[in-house]
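Coordinate inspection notes
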Amino acid sequence: MRVVIQENYEKMCKWAADHIAARIRAHKEDRPFVLGLPTGSSPVGVYKELARQNRGGELSFANVVTFNMDEYLGLPRKHGQSYWTFMHENFFNHLVDMKADNINILNGMAKDPAAECERYEAKILSYGGVDLFLGGIGVDGHLAFNEPFTSLTSRTGVRKLTSDTRIANSRFFGGDPSMVPAEALSVGVGTVFDSKEVLILISGHNKARALAASVEGGVNHKWTCSVLQNHNNAIIACDEEACGELTVDTYKYFLDAERRERL
Ligand code: GLP
């Protein structure tokens, strides 16, 4: 696992966006580039920069297929807090050549949620898997909606949200945790792990414990993000604020190892 530490949120996002853009540009195969995407505040700056490059003609999404990580169960697409709405408002609506048919987001209103998850997992496989999965993590280290103690080999399925996550996400639901859906559809830890490359954004003081557990703790289902220690091509991009719980030697190791990446 690589850990790329940037001075602040803006630089972390710029670095991550440039990294993703370089991967898309370098993709010369006939099949599309398959990009996994998260919601949350962490990726917003990355989306802004990717859209800026796209509008400026530096980066095309014409040959990109996207798969989002998760969606609330029971929220219609057009709901103001659905992840479908979030992704369109924060990203897709700002791209000039993204094809609507290439956007995949789990359907939170599916009559048979389990079947919807199976269909999603199969569709990812039909493209030959995900080339690069961008992600964020929760304060408790959850990856997508894979809360603590979700199997590290889990596939796309229905997940119950913990009280902690509903409290954290209540900021988007008028501050009332009971208004946050109790369940969601989510790609599995195993689904993310099977991607050719994984890039996780970790920013801010409130993620410091999660970053330390993911990097320095053992691989453990309590911190589902820690599974990436076993991935051959995983990068955590983080800011200085998120490094507060790393031991000094770990922090210095990665600053030195990734000094060329520092913006
Ligand atoms: C939600 C999403 C996660 C995301 C997390 C952190 O729970 N399901 O995929 O990583 O929020 O969000 P933020 O980036 O806003 O801290």
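Rules used in this analysis
- Residues numbered from 1 in each chain as written.
- Predicted model: local features only at pLDDT ≥ 70, side-chain atom pairs only at ≥ 80, totals over all residues.
- Heavy atoms only, no water.
- Axes fitted to C-alpha atoms, helices over the stretch in contact; angles between N-to-C directions.
- Helix = DSSP H or I, 4+ residues; strand = E, 2+ residues; numbered from the N terminus.
- Parallel < 35°, antiparallel > 145°, perpendicular 65-115°, else oblique.
- Left-handed = near helix turned anticlockwise from the far one by under 90°.
- Contact = heavy atoms within 4.5 Å.
- Buried < 20%, exposed > 50% of the residue type's maximum accessible area, 1.4 Å probe, protein only.

Side note on the packing of helix H1 (residues 9–26) against helix H2 (residues 44–55)
- Put simply, H1 and H2 touch, their axes get as near as 8 Å, and they point 50° apart. Of the possible angle classes, the one that applies to H1 and H2 is oblique. Along this stretch, H1 crosses H2, giving a crossing that reads as right-handed. Residues Tyr9, Cys13, Lys14, Ala16, Ala17, Asp18, Ile20, Ala21 and Arg25 of H1 form the contact with H2, whose participating residues are Val44, Gly45, Val46, Glu49, Leu50, Arg52 and Gln53.

A short note on unusual backbone geometry
- Phi at Ala144 is positive, roughly 55°, even though this residue is not glycine.
- Mapped onto the elements, Ala144 comes out in the loop between strand S6 (132–136) and strand S7 (157–160).
- Assessed through its relative accessible area of 6%, Ala144 is described here as buried.
- The phi dihedral of Phe149 is positive, around 75°, even though this residue is not glycine.
- Structurally, Phe149 is set in the loop between S6 and S7.
- Under the relative-accessibility criterion, Phe149 is labelled exposed at 53%.

Looking at the environment of Val34
- Mapped onto the elements of the fold, Val34 is located in strand S2 (residues 33–37).
- Residues Val34 and Gly128, 94 residues apart in the sequence, show an inter-C-alpha distance of 8.5 Å.
- Not counting chain neighbours up to four residues away, the residues in contact with Val34 comprise Val65, Phe67, Tyr127, Gly129, Val130, Asp131 and Leu132.

Observations regarding the environment of Tyr120
- Relative to the helices and strands, Tyr120 is located in helix H4 (residues 113–126).
- Residue Tyr120 is classed as buried on the basis of its relative accessible area of 0%.
- Discounting residues that sit within four places of it in the chain, Tyr120 has contacts with Phe67, Asn68, Asn104, Ile105, Leu106, Thr156 and Val187.

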